[in-house]
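Chain by chain, the residues:
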Amino acid sequence: MRDIKSFVDAGVIGQFPGGIHPPERKQPANAIPLRRLPLPAELVLPLRQHIGPSGECLVKVGDQVLKGQQLTEAHLSQGLPLHAPTSGVITAIEERPTAHASGLPEMAVVLTPDGEERWSTSQPLPDYRQQDKASLIERIQSAGIAGLGGAGFPTAQKLAPQKPIQYLIINGVECEPYICADDRLMREKADEIVAGMEILQFISSAEHILLAIEDNKPEAIAAMQEAIDGKQHISLRIIPTKYPSGGEKQLIELLTGQQVPHHQLPLDIGLLMQNTGTAYAVKRAIIDGEPLLERVVTLTGEQMTQPGNVWALLGTPIEHLLEQGGFKATKSPRVIMGGPMMGFTLPITQVPVIKTTNCILTPTSQELPAAGPEMACIRCGACADVCPASLQPQQLQWLAKARDYDALEQQNLFDCIECGACAYVCPSEIPLVHYYRKAKAEIRNIAREKAKAELARQRFEKRQQRLEREKQERLERHRKAAEARKKMQQEKQQATNENESQPAEANKKPAQDKSSAVAAAIARAKAKKAAQQAAEDHDPKDTSS
Amino acid sequence: MSFRIAAAPHGHSQRRTSDMMRWVCYALIPGVLVQSYFFGAGVWMQIMLAIITAYVTESLCLVARNRDARSGLRDNTALVTAVLLAISIPTLAPWWIIVLGTAFAIVVVKHIYGGMGQNLFNPAMAGYVLLLVSFPVQMTNWLPPTTISQYDLTLWQTLHTILFEYTPAGYSVEQLRTTIDGITMATPLDTVKTALDQSYTLSEIYQRPQFSVLAGVGWQWVNLAFLLGGFILLQQRIISWHIPGGLLAGLLVPALLAHLFAPSIMPGPIFHALSGATMLGAFFIATDPVSAATSNKGRFIFGLMIGLLVWVIRSWGGYPDAVAFAVLLANLSVPLIDQYTRPKVYGHQSGGQNG
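Residues numbered from 1 in each chain as written. Chains lettered and ligands numbered in written order. Predicted model: local features only at pLDDT ≥ 70, side-chain atom pairs only at ≥ 80, totals over all residues.

In the annotation of an unreviewed UniProt entry, chain B is listed under the name Ion-translocating oxidoreductase complex subunit D and assigned to Idiomarina seosinensis. In UniProt, chain B has this text filed under Subcellular location (unreviewed entry): "Cell inner membrane". The Subunit (unreviewed entry) comment attached to chain B in UniProt states, word for word, "The complex is composed of six subunits: RnfA, RnfB, RnfC, RnfD, RnfE and RnfG." (UniProt positions renumbered as here; feature names shortened; annotations may be inferred.)

The name an unreviewed UniProt entry assigns to chain A is Ion-translocating oxidoreductase complex subunit C, from the organism Idiomarina seosinensis. UniProt lists a comment for chain A under the heading Function (unreviewed entry), and it reads "Part of a membrane-bound complex that couples electron transfer with translocation of ions across the membrane."

Trainee: Where do I start with the overall build of chain B in this structure?
Mentor: Check the secondary structure of chain B and you find 17 helices and zero strands. Here chain B has a C-alpha radius of gyration of 22 Å; the compact-globule value for 355 residues is 20 Å, and the two agree. Taken along its principal axes, the extent of the C-alpha atoms in chain B is 80 × 50 × 30 Å. Residues counted as buried form 53% of the 355 residues belonging to chain B. Relative to all contacts within chain B whose residues are 6 or more apart in sequence, the contacts with residues 24 or more apart total 73%. (Helix = DSSP H or I, 4+ residues; strand = E, 2+ residues; numbered from the N terminus. Rg over C-alpha atoms; globule rule 2.2 N^0.38 Å. Buried ≥ 20, exposed ≤ 12 C-beta atoms within 10 Å, placed from the backbone. Contact = placed C-beta atoms within 7 Å.)

Trainee: Hey, could you run me through the nonpolar core in this one?
Mentor: One broad trend across soluble globular proteins is that nonpolar side chains are buried collectively. Core analysis: the biggest nonpolar cluster contains 134 residues, and A:Ile169, A:Met224 and A:Val297 have the highest contact counts within it. Considering each element in turn, this core owes the most residues, eight residues, to helix α5 (residues 190-204) of chain A. A:Ile169 has contacts with A:Leu210, A:Ala212, A:Leu251, A:Leu255, A:Leu271, A:Leu272 and A:Met273, leaving out every residue within four places of it along the chain. If you look at the next biggest cluster of nonpolar residues, it comprises 94 residues, including B:Leu233, B:Ile285, B:Ala286 and B:Ala324. (Core = buried A, V, L, I, M, F, W, Y, C linked by C-beta atoms within 7 Å.)

Trainee: How should the interface of chain A and chain B be read in this particular structure?
Mentor: It is common to give the size of an interface as the accessible area lost on bringing the parts into contact. In this complex, chain A contributes 53 residues to the contact, which on the side of chain B involves 35 residues. When residues of the side of chain A that touches chain B are traced back to their parent elements, those giving at least two are β15 (344-345), α13 (421-425) and α14 (432-501) of chain A. Ranked by residues supplied to the side of chain A that touches chain B, first place goes to α13(A) with three residues. Residue composition of the side of chain A that touches chain B, by class: 33 nonpolar, 15 polar and five charged. (Nonpolar A, V, L, I, M, F, W, Y, C, P; charged D, E, K, R; others polar.)

Trainee: Which parts of the structure should I look at to understand helix α5 (residues 95-111) of chain B?
Mentor: An α-helical segment advances 3.6 residues per turn. Residues three or four places apart therefore align on the same side. Residues and elements named next belong to chain B. Taking 1.5 Å of rise per residue, the 17 residues of α5 would be expected to cover 24 Å, and the 23 Å separating its terminal C-alpha atoms lies within 8% of that figure. Bending of α5 peaks at approximately 25° at the position of Phe 104. Buried within α5 are the following residues: Ile 97, Ile 98, Gly 101, Thr 102, Phe 104, Ala 105, Ile 106, Val 109, Lys 110 and His 111. Buried residues along α5 sit against α2 (42-64), α4 (77-88), α6 (123-134) and α7 (136-140). (Expected span 1.5 Å × (residues − 1). Bend = angle between axes of the 7 residues up to and from the residue.)

Trainee: What exactly am I supposed to notice about the UniProt feature "modified residue: FMN phosphoryl threonine" (unreviewed entry) in chain B here?
Mentor: All names here are of chain B. Those places that UniProt annotates as "modified residue: FMN phosphoryl threonine" (unreviewed entry) correspond, in this numbering, to Thr 187. Mapped onto the secondary structure, Thr 187 falls in the loop between α9 (173-176) and α10 (188-197). Residue classification places Thr 187 among the buried residues on the basis of 22 C-beta atoms within 10 Å. Contacts of Thr 187, omitting those with residues within four sequence positions, involve Trp 142, Gly 216 and Pro 320.

Trainee: Can you walk me through the UniProt feature "binding site: [4Fe-4S] cluster 2" (unreviewed entry) in chain A in this structure?
Mentor: Residues and elements named next belong to chain A. Those residues carrying the UniProt feature "binding site: [4Fe-4S] cluster 2" (unreviewed entry) are Cys 387, Cys 416, Cys 419 and Cys 422 in this numbering. Across 36 residues of sequence, these annotated residues stay compact in space, with a maximum C-alpha separation of 10.6 Å. Secondary-structure assignment places Cys 387 in the loop between α10 (382-386) and α11 (393-401). Among the residues examined, Cys 387 registers 27 C-beta atoms within 10 Å and is labelled buried. Leaving out residues up to four positions away in the same chain, Cys 387 has contacts with Gly 18, Pro 393, Ala 421 and Cys 422.

Trainee: Help me understand the UniProt feature "binding site: [4Fe-4S] cluster 1" (unreviewed entry) in chain A, please; the structure alone is not making it clear to me.
Mentor: The UniProt feature table records "binding site: [4Fe-4S] cluster 1" (unreviewed entry) at A:Cys377, A:Cys380, A:Cys383 and A:Cys426. In terms of the greatest pairwise C-alpha distance, the residues named above, spread along 50 residues, form a tight cluster of at most 10.6 Å across. Mapping A:Cys377 onto the fold places it in the loop between β16 (359-361) and α10. A count of 24 C-beta atoms within 10 Å places A:Cys377 in the buried class. Aside from chain neighbours lying at most four places away, what touches A:Cys377 is A:Gln394, A:Gln397, A:Ser428, A:Ile430 and B:Gly117. Considering the arrangement of structural elements, one finds A:Cys380 in the loop between β16 and α10.

Trainee: Where do I start with the packing of helix α13 (residues 242-261) of chain B against helix α16 (residues 296-316) of chain B in this structure?
Mentor: When two helices pack together, their arrangement is given by the angle between their axes and by how far apart the axes lie. Residues and elements named next belong to chain B. Between α13 and α16, the least distance of the axes is 6 Å, while the angle of their chain directions is 35°. For the pair α13 and α16, the crossing hand works out as right-handed. Taken together, the residues of the contact of α13 with α16 sort by class into 17 nonpolar, seven polar and one charged. (Axes fitted to C-alpha atoms, helices over the stretch in contact; angles between N-to-C directions. Left-handed = near helix turned anticlockwise from the far one by under 90°.)

Trainee: Mind showing me how you'd approach the UniProt feature "transmembrane region" (unreviewed entry) in chain B here?
Mentor: All names here are of chain B. In the numbering used here, UniProt assigns the "transmembrane region" (unreviewed entry) feature to residues 20-38, 71-89, 120-137, 211-234, 241-262, 268-286 and 298-316. The span residues 20-38 shows a helical share of 100% and a strand share of 0%, and its end C-alpha atoms are spaced 28 Å apart. When the span residues 71-89 is considered, its composition is 79% helix and 0% strand, and the gap between its end C-alpha atoms is 29 Å.

This is the structure we're talking about:
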């Protein structure tokens, strides 16, 4: 702790290993003011929009919904509710292609806007400092806010642990080429972002706020500088442009000189990081009472004739954005969701904007030439030189190709943040990240299979134990029944003998005879049933348990 | 409309393996020019022979291994191997020397080990060592620099000698190396080694005609020209400073210490730096990425090891120069070096070992 504090107090910027300087190409999109788009014909809202399970649907087809109305109930701690981005009618609840590299369908609510923008009731809360923190977290949760910078982790969950936070880091780095959504938002909504930062500070009880912006955004820096002027609890840190300095771990190293220890979270070393866009969303949710309905999306690439940043309602089909961006397709066009380093190409454009969609990039092949044929690795080490996690990408690549999963884990494959710096510099044009993703997926699969097999083994063993126990119990019952029978026969024998010698008791006999005959019959039936059951239990076809 | 699918990242730095290899060849030009000035145009003929052999054998190997020969040749790695071997051997060595060496380097050292990127040893140096141990006479017949030689061979005479081992007038290479006084001119490293064995002191040896202010006549300029080429590679970021830095440190620091301790029998760092294949080895041969260590720390250790071995073999070994042997020995140690020089992964306490 002491280390971080003295480092931050010194006001210096640290370094992280590796990194690259690809052409930034934030122009021309970053110079054009944010604009609003006409409503699309329909909005597609996948029930699952972020890390975590999907929520339960609260509406049905034909329902009239208001802007901001809750559409799903998040019943699990990891889930987030979804809201109607505008007023309209629910026209379908069905499987739709999603914003994923595969384009595979997922359940989605389809909303046809009525164009009236009628709001449902909202509860502004300008005086949030009077509230207790738990209720504010609850509010952020019910506003459906997820981290708008990267993976889309539910914001409330990041705030919930209430561990002591020394520094709240607001990430306005936006290091990936082309993307300038946060840049534009900082230029235009600096005050609201600062208000959001202060709410986050209030909730997390962070001692101090560090706002980090890359030095290639002078206008955003100036705007934020002005907005935090006179606020002693916020320090602006201008960091040199290098990809991927906006990665959570990398930015922490830059600002604090510390690395987040393996298997730990920033929280464990007293740090909390939120994106500027998230801070803005938090402000809207708390002070204005608006759930997360829209986000800034950068439309860029030379195939867009009208690039820029737009406010896109969640669920807006990418098709609509392309239309609004003046997309002019050339031969074999690429539509990339995200930036050029970590984004993925979309197979179809009927997929919706989700909470983590920050950029739609449509480059020409002159602009971002397609990868050439993969050549053999010459172990030049260029990848290792640029790896921000200090991994050995060339080694991982050999191991991934050899499917040596144990060695991959030993060489810390899972510390790879998939930033793509290695593949960017590889002179042999090996799609390194692709190999790592595949290997990671396979390792996870193997682990899942293993867990399943272990469960099956345990179940099998339990079943064997149960069968064995039942068998023993049965045998015990048989033994007891046999003993009882034997005893009864002896008694009967004795009785007959006695009868012969003592005719006076003869009148008792029929009753006794009758009862013992019944007992014997019951015992016989029981034995038969038990034998049948035993035969059934040993039937090899019986796999029901 | 169909959209093209691709894996991230979608951009790429515009430097490919073939470009890197081409830069290595460009950076060799100053050294080769100086070498051809001092040792005749034979070096260009050797380079041509080597390139032809390399391209023919590389294509044959690729075809035999069911690979696309045209794209395989385009990576320029065979070109670099050929050129490096051609400039390492004596300029008037018979044609079959370079053909044999190059073919061995490409076929056995490179392709039998799995082709590009898989070879354990530096192909050019493995080829060189094969030639040196098999044909020691041809491989040590270095002509004295033309500036102090009594013969000045024309292009035709050079070609004739490479093809038929005699000049058109019937002189052998051995005879060409002999001065008017009947003394065979050896390379500076060889001269120093032999003369020290004969109990001459260094100051006496340095009086001989093949020595100049810094080191051997001709050789010092060849080394300086390769040093210049090395700076080009560093400036172009084709290589990092770690291997050449380590190599020169490993060679020159012990040389300096030994020279201070015994100035009359241990040659100093300047002599070592500018003799034999020091600069060629430091910047062009040891830096072959395939057979070198990969982390920066590992690269420095790798270079250091080569430098130290060169100094040890030059000082006490049986051969006057030792870059090829040192490089091969260091190649053998690469897996071990790599194992112990893995950088600390982000957030881990200790090195890459399952931290």
